[in-house]
Amino acid sequence: MSVCGCCDASVSDSAQDSVSDGGNRRALQLRRDIAEMLMVGFRGLSVSQSDHIRRDIAHHHIGGVILFEYDAPTGKRKRNVASPRQLRSLCGQLQALSDETLLIGIDQEGGRVTRLREDYGFPRFMSARRSAEYGTDSIRHYASLTASQLKQAGVNLNFAPCVDVDINPECPVIGKLERSFSSSPMKVTDAARIWIDEQRKQGVISCLKHFPGHGSAAGDTHVGLVDVTDTWKTSELAPYRKLIAEGVADMVMTAHVVNGKLDSVYPASLSWQVTTRLLRDSLGFDGVVITDDMAMGAIVNQYGYDEAVRLAVAAGADILCLSNNGKEYDADIVPRTIRIIEKLVADGRIKAERIHQSAERIRKLKKSIANP
């Protein structure tokens with residue numbers, strides 16, 4: 001009996017070790033998948049100037065970074081971009097830190113939304129509206145020029161084209177900045193298709209923005225919450241509907257606008273009704289969804305960070321854009337966010353499967369870069 005008892009104890013210990021190992025593996029995989037969902041901003045023209053981004057990529061395994069030319073907290077320029085040669089070196093250093101393809105994103109629409117400045121040695125990039133006024137050849141020229149410059153630099157994700165329809169020409173962040181191709185949804189769609197095509201040729205991922213439409217807004221979500229309930233038109237969905245149906249939409253960015261016609265409580269970026277029910281279920285989008293910058297006033301002035309993260313993930317966002325380029329700079333935004341989401345899963349407020357699903361979408365998108 002004692003021998004059998006000893007054997008039973010041995011089996012029990014072994015089984016316990018197996019359960020423990022399995023639990024550790026699941027915890028590590030969850031943490032890795034959470035990090036995959038984070039796109040982070042940092043200061044530095046090289047990785048040697050940012051200890052935290054080295055840690056975030058090499059240790060935490062974040063899925064991507066976002067580059068800026070201007071540092072909002074300090075009001076200084078040349079945050080990540082100073083010249084073509086410097087940018088190419090920085091992107092190479094960033095990729096070398098990662099054990100998988102790192103998404104390196106930038107906002108390079110042209111015109112006023114240009115991170116690759118002419119006075120830094122890059123070509124001149126025309127705005128969306130101006131290029132569209134000159135016709136299809138002009139749109140294709142600037143789309144191709146943008147894509148080739150990003151490819152040479154090592155940037156593989158452009159937060160463009162902007163497919164907001166120019167409903168309100170006085171919109172301070174769309175119409176007035178000439179970011180919309182047109183007031184015609186069809187012309188916006190045709191121009192966006194050209195951009196997607198040219199960027200794909202260069203292995204650059206496109207991101208359609210700002211879902212479900214920011215062109216009718218009268219305010220700026222960088223500053224605070226913007227309500228488009230009374231101005232938004234269903235025609236603003238047309239570019240998304242068409243491009244998604246054609247299978248050419250890689251990524252969609254959700255806006256921080258409140259649209260009572262779609263969700264009377266939450267802005268689109270934090271809304272399950274907008275992100276999941278409308279974008280995924282109704283329009284059939286199965287690609288990657290990224291939030292607009294979580295550091296913008298529309299979010300930080302209305303929600304605590306923990307709650308904003310919970311709402312965005314629960315809504316169906318695959319990537320949280322953590323620019324570190326709002327009012328404050330947080331070198332520990334990555335470990336902080338990982339802890340928040342781990343606790344949400346542990347408390348049963350977010351399902352682990354929800355996290356794994358997003359991570360798989362992101363990894364699938366990354367594979368398309370290597371196999372365009």
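In case you missed it, the structure is sitting above this.
So, here is what we can say about the structure in this document. Everything quoted here is computed from the prediction, not taken from an experiment.

### Focus: the nonpolar core
Counting 72 residues, the largest nonpolar core has Val65, Leu67 and Leu94 as its most contacted members. Ranked by residue count, the leading element in this core is helix H11 (residues 333-346), at 7 residues. Setting aside anything within four residues of it in sequence, one finds valine 65 in contact with Met39, Val40, Phe42, Ile53, Ile57, Leu94, Leu102, Leu103, Ile104 and Gly105. Cys162, Ile244, Ala268 and Val289 belong to the second largest nonpolar core, which has 39 residues in total.

### Details of the pattern of salt bridges
For the structure on display, the rule yields 36 salt bridges. The closest approach of N and O atoms between lysine 366 and glutamate 36, which form a salt bridge, is 2.4 Å. You can see lysine 366 sitting in helix H12 (residues 352-370) and its partner glutamate 36 sitting in helix H1 (residues 2-36), a full 330 residues away along the chain. The pair formed by lysine 366 and glutamate 36 is uniform in burial state, with each residue classed as buried. Its salt-bridge partner being aspartate 330, residue arginine 336 comes within 3.4 Å of it at the nearest N-O pair. A single salt-bridge network, built from bridges that share partners, covers Arg32, Asp33, Glu36, Asp99, Glu100, Glu360, Arg363 and Lys366.

### Section: unusual backbone geometry
A negative phi holds for most residues other than glycine; trans holds for most peptide bonds. With omega at 10°, the peptide bond leading from alanine 160 into proline 161 counts as cis. Here proline 161 is to be found in the loop between strand E6 (157-158) and helix H6 (185-201). For the bond from phenylalanine 211 to proline 212, the omega torsion is 5°, close enough to zero to count as cis. Looking at the element boundaries, proline 212 is found in the loop between strand E7 (205-211) and strand E8 (226-227). Its identity is not glycine, yet histidine 61 carries a phi of approximately 65°, on the positive side. Its place among the elements puts histidine 61 in the loop between helix H2 (51-58) and strand E2 (64-67).

Calculation rules
Residues numbered from 1 in each chain as written. Predicted model: local features only at pLDDT ≥ 70, side-chain atom pairs only at ≥ 80, totals over all residues. Heavy atoms only, no water. Core = buried A, V, L, I, M, F, W, Y, C linked by side-chain atoms within 4.5 Å. Buried < 20%, exposed > 50% of the residue type's maximum accessible area, 1.4 Å probe, protein only. Helix = DSSP H or I, 4+ residues; strand = E, 2+ residues; numbered from the N terminus. Contact = heavy atoms within 4.5 Å. Salt bridge = Lys/Arg side-chain N within 4 Å of Asp/Glu carboxyl O.

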